[in-house]
Amino acid sequence: MVNKRKLIELILSKNFSENTYFDVKEMICLSNTDQKAKLLKHICALSNSNPSNDSFLIFGVEDETFNYKGVEYKDDSTFQDLVFEHLDNPPRILYENVVFHELQKKDEHKQFLGLLTISGDENFCKFKKKHL
């Protein structure tokens, strides 16, 4: 089993720019249709650009500096429901709350970085005709 904390630290420590294997987001916003559509667009793009490899969305990290900000706890079912409701040929996804205790010192509610693992396949992922 992969240590998710080490995976996040490795990805963010190499000074990579965002690419077809990973993207970072400062926060998780799913409160309106536009925000949900943006997230689904990123999931589709990462899935379709790497059909035979895993891709990652990391939440709670500043876009430019890769400084850890943290996010509040989210349940995996939130993401699963969104993907299955709005995407044709949805990729397999898994959302995990990865604990970073040093974040708790800044804000006790944001002690996690979110890791969304996207496992694409050969089927092209796209929005359903009647979507957001």
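Below you will find a few notes about this structure. (Residues numbered from 1 in each chain as written. Predicted model: local features only at pLDDT ≥ 70, side-chain atom pairs only at ≥ 80, totals over all residues. Heavy atoms only, no water.)

A separate point is the side chain of Gln-80. Here Gln-80 is to be found in helix 3 (residues 76–86). Taking relative accessible area as the criterion, Gln-80 reaches 18% and is therefore assigned buried. Among the polar contacts made by the side chain of Gln-80, one reaches the main-chain carbonyl oxygen of Ile-93 at a distance of 2.6 Å. Dropping the residues within four chain positions of it, Gln-80 is found in contact with Ile-93 and Leu-94. (Helix = DSSP H or I, 4+ residues; strand = E, 2+ residues; numbered from the N terminus. Buried < 20%, exposed > 50% of the residue type's maximum accessible area, 1.4 Å probe, protein only. Polar contact = N/O pair within 3.5 Å; in protein donor to acceptor, adjacent residues only side chain to side chain. Contact = heavy atoms within 4.5 Å.)

Any aromatic ring pair is given by two values, namely how distant the centres are and how the planes are angled relative to each other. Evaluation of the coordinates by the stated rule reveals 6 aromatic pairs. Taken together, a centroid distance of 6.2 Å and an interplanar angle of 55 degrees make the contact between Phe-59 and Tyr-95 tilted. Pair noted here: Phe-59 is in strand 2 (residues 54–59) and Tyr-95 is in strand 4 (residues 92–99), with a separation of 36 residues, a long-range link. Comparing Phe-59 with Tyr-95 shows no difference in burial state: the two are buried. Centre to centre, the rings of Tyr-68 and Phe-100 are 5.2 Å apart; their planes meet at 85 degrees, and the pair counts as edge-to-face. Placement of the pair is Tyr-68 in the loop between strand 2 and helix 3 and Phe-100 in the loop between strand 4 and helix 4 (101–104), with a sequence separation of 32 residues. Grouped by ring-pair contacts, the aromatic residues Phe-59, Phe-79 and Tyr-95 constitute a single cluster. (Phe/Tyr/Trp six-rings, centres within 6.5 Å; stacked < 30°, edge-to-face > 60°.)

When its volume is computed, the largest pocket comes out at roughly 300 Å³. Forming the walls of the largest pocket are 15 residues, and the residues nearest its centre are Lys-25, Met-27, Cys-29, Gln-35 and Lys-38. Of all elements in the fold, only strand 1 (22–25) and helix 2 (33–49) reach the threshold of two or more residues within the lining of the largest pocket. With 5 residues, the single largest contributor to the lining of the largest pocket is helix 2. Looking at the lining of the largest pocket, its residues break down into 8 nonpolar, 2 polar and 5 charged. Considering only enclosed or pocket space, the second largest pocket measures out at about 170 Å³ in volume. In terms of residue class, the lining of the second largest pocket is built from 3 nonpolar, 1 polar and 5 charged. (1 Å grid on protein atoms, 1.4 Å probe; cavity = no way out; pocket = protein on both sides within 12 Å on 5 of 7 lines; lining within 4 Å. Points joined across faces, edges and corners; volume = space filled by probe spheres on them. Nonpolar A, V, L, I, M, F, W, Y, C, P; charged D, E, K, R; others polar.)

For the rest of this paragraph, the subject is helix 3. Among the residues making up helix 3, those that are buried are Phe-79, Gln-80, Leu-82, Val-83 and His-86. One face of helix 3 carries all of its buried residues, which in axial projection span an arc of 165 degrees. Projecting away from the buried face of helix 3 at angles above 90 degrees are the exposed residues Asp-81 and Glu-85. Close packing links the buried residues of helix 3 with helix 2, strand 3 (87–88), strand 4, strand 5 (112–119) and strand 6 (126–127). (Arc of directions from axis to C-beta.)

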